[in-house]
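# What the coordinates show
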Amino acid sequence: MNPSRLLSALAVLLLLPATARAEGACEQWLSPALAEGPITFGFLSADVATGRRACPRTEVGFGVQGGAIIETENFYGAVTGAALLSGSYAVRPDLEVFATLEATRFQFVQNATLTGTTLHLGQLTVGGTWVALTQGAFVLAPSARLQLPTSFASPRTRTLGAEVGAALLYRPTDRFEVHGYVGLDGDMGLGAGPAQPRAGFLMNVGTEYALCSGFAAVLDANLHFGHRAVLDYVAPALGLRFRAGENFGVELGASLPLVGAERALAIGGLKVTYRM
């Protein structure tokens, strides 16, 4: 996946005519402060391969997420955590630009003989979403995302990546939605070592129901394939979303890989957003 082509795609998104407006389903949500779309805590860097919501929003957010690998039989364990800064801006009712930064990434690793701890700046992603089609309760929104080589996890290698996909939304009422996302993601190393390119395919489907204007629950299912069509994971995810005032929203989420090559036992996080 060529990053220069992705940059061109993001530029094209900004120049697209407003042929589809973010009206109808995108305007029909019980509480603006409640989060929408897929759960955004994932197994890769920042928000890569976590899906994307279909509807544009202007908001800023802060979150923390973490995961653990415990392999007693291999005398290996690892704990990771990250502080995430995120934001999105609705340039037009049908167009959004967004970004997520791993402001701090922590990792502790231990095997039978050695231990190691790192604390560093993580990955930055930037992207855009365009509402290409609205038809009644249905919304289709393609998106593109670029993963910039900001991480200092390795002193000699930086990671550059990209993702393209499309989000779908079906919202027949102001408190219930079915959402989905299909995307291709990939990255490669830049530096003295081998590039080790990685490619992946994500499919997400989920549903969200708002019991009231102050609380909603979301249940997702995520399927991700990696290099040579190896199954990375089939992972259900559960999220609880709350409204804390007129503009603040809080989300608790967790995902558990049931099958596949993913070694993490689980990943979870907390996110607070302010919607403008």
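Residues numbered from 1 in each chain as written. Predicted model: local features only at pLDDT ≥ 70, side-chain atom pairs only at ≥ 80, totals over all residues. Heavy atoms only, no water.

### Focus: the overall build of the chain
Looking only at helices and strands, the chain has one helix and 14 strands in total. Taken against the 2.2 N^0.38 rule, which gives 19 Å for 276 residues, the C-alpha radius of gyration of the chain at 18 Å falls within 12% of a compact globule. In terms of overall dimensions, the chain has C-alpha extents of about 60 × 40 × 30 Å along its principal axes. Burial analysis of the chain (276 residues in total) assigns 43% to the buried set. Expressed as a percentage of contacts within the chain between residues at least 6 apart in sequence, the contacts between residues at least 24 apart total 57%. In the structure as shown, the chain presents an accessible area of about 12,800 Å², 67% of it carried by carbon and sulfur atoms. Mean positive and mean negative side-chain charge positions of the chain (19 and 21 charges, respectively) differ by 5 Å. (Helix = DSSP H or I, 4+ residues; strand = E, 2+ residues; numbered from the N terminus. Rg over C-alpha atoms; globule rule 2.2 N^0.38 Å. Buried < 20%, exposed > 50% of the residue type's maximum accessible area, 1.4 Å probe, protein only. Contact = heavy atoms within 4.5 Å. Areas by Shrake-Rupley, 256 points an atom, 1.4 Å probe, with all protein chains shown as cover. Lys, Arg positive; Asp, Glu negative; His and termini not counted. Charge placed at Lys NZ, Arg CZ, Asp CG, Glu CD.)

### Examining the pairing of strand E2 (residues 76-92)
As paired strands, strand E1 (residues 59-71) and E2 are joined by 13 bridges and run antiparallel to one another. By the bridge assignment, Gly 67 is partnered in E2 with Thr 80. Counting the residues that bridge the hairpin from E1 to E2 gives four residues, and of these Phe 75 lies at a positive phi of roughly 55°. Relative to strand E3 (residues 95-110), E2 is paired through 15 bridges, and the arrangement is antiparallel. Its bridge partner lying in E3, Leu 84 is registered against Glu 102. (Pairing = 2+ DSSP bridges.)

### Remarks on the packing of aromatic side chains
Centre distance and the angle of the planes are the two values used to describe a pair of aromatic rings. Summed over the entire model, instances satisfying the criterion amount to three aromatic pairs. When the ring of Phe 215 is compared with that of Phe 242, the centres are 5.3 Å apart and the planes differ by 45°; the resulting orientation is tilted. Here Phe 242 lies in strand E12 (residues 231-243) and Phe 215 lies in strand E11 (residues 215-225), a separation of 27 residues in the sequence. Of note, Arg 52 hangs over the ring of Phe 98, and the distance from its end group to the ring centre comes to 3.7 Å. (Phe/Tyr/Trp six-rings, centres within 6.5 Å; stacked < 30°, edge-to-face > 60°. Lys NZ or Arg CZ within 6 Å of the ring centre and 35° of its normal.)

### Some points on the nonpolar core
Core analysis: the largest hydrophobic core is formed by 20 residues, its most contacted members being Phe 43, Ala 54, Val 139, Leu 169, Leu 202 and Tyr 233. Among the secondary structure elements, those contributing two or more residues to this core are strand E7 (138-148), strand E8 (157-173) and E12. Apart from residues lying up to four places away in sequence, Tyr 233 is in contact with Phe 43, Ala 49, Leu 202, Asn 222, Leu 223, His 224, Pro 257, Val 259, Gly 260 and Glu 262. (Core = buried A, V, L, I, M, F, W, Y, C linked by side-chain atoms within 4.5 Å.)

### So, the pattern of salt bridges
On inspection of all chains with the given rule, the structure shows 17 salt bridges. The salt bridge partner of Arg 145 is Asp 47, with a shortest N-O separation of 2.9 Å. With Arg 145 in strand E7 and Asp 47 in the loop between helix H1 (3-15) and E1, the pair connects residues that are 98 residues apart, well separated along the chain. Like Arg 145, the residue Asp 47 is buried in the burial classification. A salt bridge links Arg 198 to Asp 187; the nearest nitrogen and oxygen atoms lie 3.0 Å apart. Placement of Arg 198 in strand E10 (residues 198-212) and of Asp 187 in strand E9 (residues 176-191) is noted, with a sequence separation of 11 residues between them. The class of Arg 198 is partly exposed, set by a relative accessible area of 22%. In the salt-bridge network here, residues are joined through shared partners; they are Glu 36, Arg 52, Arg 53, Arg 57, Glu 59, Glu 96, Arg 171, Glu 177 and Arg 275. (Salt bridge = Lys/Arg side-chain N within 4 Å of Asp/Glu carboxyl O.)

### So, the state of the cysteines
Taken as a whole, this structure holds one disulfide when the rule is applied. Bridging Cys 26 to Cys 55, the disulfide has an S-S length of 2.1 Å. Residues Cys 26 and Cys 55 are joined by a disulfide whose S-S torsion is about -85°; by sign, that bridge is left-handed. Separated by 29 residues along the polypeptide, Cys 26 in the loop between H1 and E1 and Cys 55 in the loop between H1 and E1 bring together distant segments of the chain. Residue Cys 55 is classed as buried on the basis of its relative accessible area of 5%. (Disulfide = S-S within 2.5 Å.)

### Observations regarding empty space enclosed by the protein
Going through the model one piece at a time under the given rule, you end up with four cavities of 30 Å³ or more. There is about 380 Å³ of room inside the largest cavity. If you trace the largest cavity, you find 29 residues lining it, with Thr 40, Arg 53, Glu 59, Ser 86 and Lys 271 closest to the centre. For the lining of the largest cavity, the per-class residue count stands at 10 nonpolar, 10 polar and nine charged. For the second largest cavity, the calculated volume is near 70 Å³. For the lining of the second largest cavity, the class distribution of residues is six nonpolar, four polar and no charged. (1 Å grid on protein atoms, 1.4 Å probe; cavity = no way out; pocket = protein on both sides within 12 Å on 5 of 7 lines; lining within 4 Å. Points joined across faces, edges and corners; volume = space filled by probe spheres on them. Nonpolar A, V, L, I, M, F, W, Y, C, P; charged D, E, K, R; others polar.)

### Brief notes about unusual backbone geometry
Within the chain, Arg 228 stands out as a residue other than glycine whose phi angle is a positive 60°. The residue Arg 228 is located in the loop between E11 and E12 in this model. On the basis of relative accessible area, Arg 228 is assigned to the exposed category, the value being 74%. Phi angles above zero are rare outside glycine, and Ala 229 is one such case at about 60°. For Ala 229, the position within the fold is in the loop between E11 and E12.

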